[in-house]
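# Descriptive analysis of the structure
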Amino acid sequence: MSDGKCLSGKTALVTGAGQGSGRAIALRFLHEGARVIALDLNEVALATYHGMEGVVPVALDVGDAAAIEACRTAHPDVHILVNCAGIVRHGTVLDCTPDDFAVTFRVNVEAMYHTIRAWLPGMRARGEGVIINIASALAANATAINRFAYGASKGAVVALTKSVALDFIKDGIRCNSISPGTIQSPSLEGRIAATGDTDAAMKAFIARQPMGRLGQPEEVAAVALLMASGEAGFMTGSDVVIDGGFSL
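Description of the structure in this document. Note that the structure is predicted; figures quoted are calculated from it, not measured.

Let us now look at the nonpolar core. Within the largest apolar cluster, 31 residues are counted, with the highest numbers of intra-cluster contacts made by Leu 13, Leu 39, Ile 116 and Ile 131. Counting only elements with at least two residues in this core, the list comes to strand 2 (35-40), helix 3 (65-74), helix 4 (98-126), helix 5 (148-167) and strand 6 (173-180). Looking at which element gives the most residues to this core, the answer is helix 4, with nine residues. Aside from chain neighbours lying at most four places away, what touches Leu 13 is Ile 37, Leu 39, Cys 71, Val 78, Ile 80, Leu 81, Val 82 and Trp 119. Within the second largest apolar cluster, 30 residues are counted, among which are Tyr 49, Val 220, Ala 221 and Met 227.

Below, the structure is given as structure tokens:
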């Protein structure tokens, strides 16, 4: 008998689950009955899951193909894959060093390549599966100053999502992306602190939001839950923008 939770009986793997939107997604999925495999490089952040029934925390580098394959071997049956791990590098194309460009694409794009290749075959074998990739409002719909590498990588995520959706639509696989605007998170707070003028930086981030506020991780998690549930069974290849009107 169903317990009324829309993800009961499902296993969800969430990367970047240590904090911010990734953590909010993991907790929302857990609340809706899913078993959650929470991946993050930050072992301290993952420690907050210890003792939490239904969550398996795994510390690894999502850009490490061998580590991802080892995780797949340990946890082969994943019904829902959420690629949320990501980094931000500031600057124009002239500021962006080869290392900045490489690490941005390694974490923001190549990691998705590795996770999708790892768990998609199992989804195909079952005849169903959901993949959710976190892109950004600073991609196909808009951009922001000094976000060259980040914007380029997130644009690639949107294209990657559509390609996977089209290639495997006949196999029961749905692949969609979420493009958040500025979301309140430890990552954002760290970047704001690094400016040296926390108040001014926060005001600047809020000022570019037509709604006059930052988004919350739980709001991103709500969109992810819809995509993961059967309610969105006719949705694939879509990019849902949740940015408080930033890209209008």
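Below, the discussion takes up the pattern of salt bridges. The final tally for this structure, using the stated rule, is seven salt bridges. One salt bridge in this structure joins Asp 100 and Arg 89, with 3.7 Å as the shortest N-O distance. Here Asp 100 is found in helix 4, whereas its partner Arg 89 is found in the loop between strand 4 (80-83) and helix 4, with eleven residues between them in sequence. Since its relative accessible area comes to 22%, Asp 100 is described here as partly exposed. Where Arg 124 meets Asp 171, a salt bridge forms, and the shortest distance between an N and an O atom there is 3.3 Å. Of the two residues, Arg 124 sits in helix 4 while Asp 171 sits in the loop between helix 5 and strand 6, which places them 47 residues apart along the sequence. Accessibility expressed as a relative area gives 23% for Asp 171, which makes it partly exposed.

All right, on to the packing of aromatic side chains then. All told, the structure shown has two aromatic pairs when counted by the stated rule. Cluster of aromatic residues (ring-pair linked, three or more members): Phe 101, Phe 105 and Phe 148.

Position of His 79 relative to the elements: it lies in the loop between helix 3 and strand 4. When sequence neighbours within four positions are dropped, the list of residues in contact with His 79 reads Gly 9, Lys 10, Thr 11, Met 123, Arg 126, Gly 129 and Val 130.

Phi angles above zero are rare outside glycine, and Asn 146 is one such case at about 60°. Tracing the backbone shows Asn 146 in the loop between strand 5 (129-134) and helix 5.

What follows concerns the environment of Leu 13. Note on placement: Leu 13 falls in strand 1 (residues 11-15). Taking C-alpha positions, Leu 13 is 8.1 Å from His 79, a pair spaced 66 residues apart along the chain.

This brings us to helix 5. A rise of 1.5 Å per residue sets the reference length of helix 5, with its 20 residues, at 28 Å; its end C-alpha atoms lie 29 Å apart and thus fit the reference within 8%. Along helix 5, the positions that sit buried rather than exposed are Ala 149, Tyr 150, Gly 151, Ser 153, Lys 154, Val 157, Val 158, Leu 160, Thr 161, Val 164 and Ala 165. If you follow the buried residues of helix 5, they end up packed against helix 4, strand 5, strand 6 and strand 7 (239-242).

Now for the sheet that holds strand 2. Taken together, the seven strands give an open sheet; going across it, the order is 3-2-1-4-5-6-7, and neighbouring strands pair in parallel fashion. Because the sheet does not close on itself, it has two edges, and the strands there are strand 3 (55-59) and strand 7. Strand-to-strand twist across the sheet, computed as the mean angle between neighbouring axes with direction ignored, equals 15°. Strand direction decides the pairing type here: strand 1 and strand 4, joined by three bridges, are parallel.

What counts and how
Along each chain, residue indices are assigned from 1 in the same order as the chain's sequence is written. Reporting of local features is limited, given that this is a predicted model, to residues whose pLDDT is at least 70; pairs of side-chain atoms are given and counted only at 80 or more, and all residues count toward the totals for whole chains, interfaces and linings. To obtain the side-chain values, all non-hydrogen atoms of the structure were used and water was disregarded. The nonpolar core is taken to be a set of buried Ala, Val, Leu, Ile, Met, Phe, Trp, Tyr and Cys residues, with the residues joined through side-chain atoms within 4.5 Å. Remark: exposure states derive from per-residue accessible area (1.4 Å probe, protein chains only) relative to the maximum for the residue type, with buried under 20%, exposed over 50%, and partly exposed in between. Numbering of helices and strands runs from the N terminus, with a helix taken as a DSSP run of H or I at least four residues long and a strand as a DSSP run of E at least two residues long. By the convention used here, residues are in contact when the closest approach between their heavy atoms is within 4.5 Å. Whenever Lys or Arg places a side-chain nitrogen within 4 Å of a carboxyl oxygen from Asp or Glu, that contact is recorded as a salt bridge. A pair of aromatic rings is counted whenever rings of Phe, Tyr or Trp (Trp by its six-membered ring) have centres within 6.5 Å, and the orientation is called stacked for planes under 30 degrees apart, edge-to-face for over 60 and tilted otherwise. Under the convention used throughout, the expected extent of a helix is 1.5 Å for every residue step, that is, one less than its residue count. Should DSSP find at least two bridges between two strands, the strands are regarded as paired. Interaxial angle, 0 to 180 degrees, is taken between N-to-C directions of lines fitted to C-alpha atoms, where a helix line uses only the stretch in contact.

Shape descriptors only; they carry no functional weight alone.
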